[in-house]
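# A look at the structure
Chain by chain, the residues:
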Amino acid sequence: MKPPRFAYHAPATVGEALELLGGYGDQSKVLAGGQSLIPVLSFRLSAPEHLIDINRLPGLGEFSRLPAGGWRIPALVRQRQAERSAALAESAPLLTEALAQVAHPQIRNRGTICGSLAHADSSAEMPAVMLALNARMTIASASGTRVVGADDFFLFHMTTAISPDELLLAVEFDDAAPRTYTSFTEFAPRKGDFCLAGVAATVTFGEDGTVADCRVAAAGVAATPLRLRPVEDLITGSALDADALTAAQRAARDAVNPPGDVHADAAYRRQLVSVLVRRALSAVKAKKGSDDGA
C-alpha cells in the first residue's frame, strides 16, 4: 500500500507553517511523528494534496516547566522522550504511566504527544490522560493563538477543535494539588494494540481523608475520550472504601454506551470499563495508603 500523491512542504519557521496551513486548509495534513498519519495515508483513508512537515520548526522539541508550576509540552516532543523524563515521572506520573502503554518503544521514539492528541483516536491513551489532567491545548493560526481546554477539545471520532488552518502548538497542564494520586489502567488484546478500554484517574483527597476533587476519563468506549462524571460525583466525599468502589464500578457500567466491533461487543466493553474504573480507583487508594503509612 502506498499513500496518494501529495506536494511536500518543509517550512523552516512556525510562521511559515501557519501560512501554508492558512493557504491550503483542509487540502493539507501536518506531519510530526507520522505514526498515525502515515498508516492513514497508506490505507487511502485520507488523501491530502499537501503534506506540511513541521519537524524542522525550532523551539517545539523540548518540554519545560511553566512559571506557576506545571508543564508545557510542545508539538515535537516525542512520546519516548517524555516517558524517560525523571522530572515528569515525579510531578506528572499519570502521563509517564500511560506513555509506557502506548504501542511499542519503536513507535514512541517517533510519535509525538501532541500528534496523538490531534489525531484524537478515542482508543488512544493520550486523549484520556489529558482529559484527566484538565490540560489546555494551545492552537495557532496565521491570525493568532487560542487556548482550548481538554473538555472542549475532543469533538467526535478523530475530530478536534483544531480548524484546517490551525496547528496544535503545545499542550499544558498544571501541577497536581497536594494529596493528589493518579492511576492509568487499560486492557488490550495484545501488548501494544489499541486498548478495548482504558481509564485515567486523578483524585485529590482532603485533610479528612475523603475525596475532595477528581477527574476520571475513559478511552475506547465512545467517539471521544469520555469523562465519567457519574463516577466522579459518586466518589466525591467518600473515602474510597469498598462500598464506594463497588458503587463506582456500577456507575461506570451505567455511564457508557460503547460501540461494538470485531474486537469486542458493547456489553463486553461496558463491563470492562467498569472493572478498569475499580482497578484505577483501587490503585489510587493503595498509593494514598502507602503514603499514609510511611
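Every chain's residues receive numbers from 1 upward, in the order its sequence appears when written. At least 70 in pLDDT is required for a residue's local features to be given in this predicted model, at least 80 for side-chain atom pairs to be given and counted, and no such filter applies to totals for whole chains, interfaces and linings, which use all residues. Side-chain measures were taken over the full set of non-hydrogen atoms in the model, leaving aside hydrogen atoms and water.

### What to know about the overall build of the protein
Here is the rule we go by: Only runs of H or I of at least four residues qualify as helices and only runs of E of at least two qualify as strands under DSSP, and these elements are numbered from the N terminus. Two residues form a contact once any of their heavy atoms are found within 4.5 Å. The protein chains shown are the only cover counted for residues, whose accessible areas, like all others here, come from Shrake-Rupley with a 1.4 Å probe. Asp and Glu count as negative and Lys and Arg as positive, but His and the ends of the chain are not part of the count. Just so you know, the charge point we use is NZ for Lys, CZ for Arg, CG for Asp and CD for Glu.
Helices and strands together make up the secondary structure of the protein, namely twelve helices and 14 strands. With respect to the three principal axes, the spread of C-alpha positions in the protein is 60 × 45 × 30 Å. Within the protein, contacts between residues separated by at least 24 positions form 61% of all contacts whose residues are at least 6 apart in sequence. Working note: accessible area of the protein is about 13,400 Å², and carbon and sulfur atoms make up 52% of it. Charged side chains in the protein number 29 positive and 32 negative. The centres of these two groups are separated by 6 Å.

### Re the environment of Gly 206
Put simply, the rule reads: A 1.4 Å probe rolled over the protein chains alone gives each residue an accessible area, and that area as a share of the maximum for its type sets the label: buried under 20%, exposed over 50%, partly exposed in between.
If you trace the backbone, Gly 206 turns up in the loop between strand S12 (197-205) and strand S13 (211-219). Among the residues examined, Gly 206 registers a relative accessible area of 17% and is labelled buried. Taking the C-alpha atoms as reference points, Gly 206 and Ala 239, 33 residues apart in sequence, are found 9.7 Å from one another. In this structure Gly 206 touches Arg 179 and Ala 212, once residues within four positions along its chain are discounted.

### Things to note about the domain arrangement of the protein
Much of the literature gives interface size as the accessible area that the parts lose upon coming together. Convention followed: Domain boundaries shown here were taken from an automatic or database domain assignment. Put simply, buried area is the surface a 1.4 Å probe can reach on two separate parts but cannot reach once they are joined, added for both. We count a salt bridge whenever a side-chain nitrogen from Lys or Arg sits within 4 Å of a carboxyl oxygen from Asp or Glu.
Its domain assignment divides the protein into domain 1 (7-53), domain 2 (64-173) and domain 3 (180-293). Computed from C-alpha coordinates alone, the two centres of domain 1 and domain 2 are separated by 19 Å. Each partner contributes residues to the interface: domain 1 has 13 residues there, and domain 2 has 16 residues. For the pair domain 1 and domain 2, the two sides together bury roughly 1,000 Å², of which 74% comes from carbon and sulfur. When residues of domain 1 are sorted by the area they lose upon contact with domain 2, Leu 18, Ala 32 and Gln 35 head the list and together hold 44% of the total. At the surface where domain 1 touches domain 2, the tally comes to zero salt bridges.

### A word on the side chain of Glu 186
Following the sequence through the fold, Glu 186 ends up in strand S11 (residues 180-187). It turns out Glu 186 is buried and unbridged, and the closest side chain with the opposite charge, Lys 191, is 7.4 Å from it. Excluding residues within four positions of it along the chain, Glu 186 makes contact with Gln 101, Glu 125, Cys 195, Ala 197, Gly 198 and Leu 276.

### With respect to the pairing of strand S7 (residues 144-149)
Where we set the bar: Criterion used throughout: strands pair if DSSP finds at least two bridges between them.
Bridging between strand S6 (residues 136-141) and S7 involves six bridges; their strand directions are antiparallel. Each residue of the ladder has a partner; that of Ser 141, found in S7, is Gly 144. Where S6 folds back on S7, the antiparallel hairpin that results is connected by two residues.

### Quick word on unusual backbone geometry
In this structure, Ala 103 is a non-glycine residue whose phi angle is positive, near 45 degrees. In this structure, Ala 103 sits in the loop between helix H5 (93-99) and helix H6 (105-110). Under the relative-accessibility criterion, Ala 103 is labelled buried at 18%. In this structure, Arg 179 takes a positive phi of about 65 degrees despite not being glycine. As for its position among the elements, Arg 179 is in the loop between strand S10 (167-173) and S11. Residue classification places Arg 179 among the partly exposed residues on the basis of a relative accessible area of 42%.

### Some points on the sheet that holds strand S2 (residues 28-31)
Our working definition: Note on geometry: axes are lines fitted to C-alpha atoms, helical ones only across the stretch in contact, with angles between N-to-C directions running from 0 to 180 degrees.
With parallel pairing, the three strands of this open sheet are ordered in space as S1-S3-S2. Looking along the sheet, the strands with just one partner apiece sit at the ends: strand S1 (7-9) and S2. Across the sheet, the axes of successive neighbouring strands diverge by a mean angle of 25 degrees, strand direction being ignored. Pairing of S1 with strand S3 (residues 50-53), which is carried by three bridges, proceeds in the parallel orientation.

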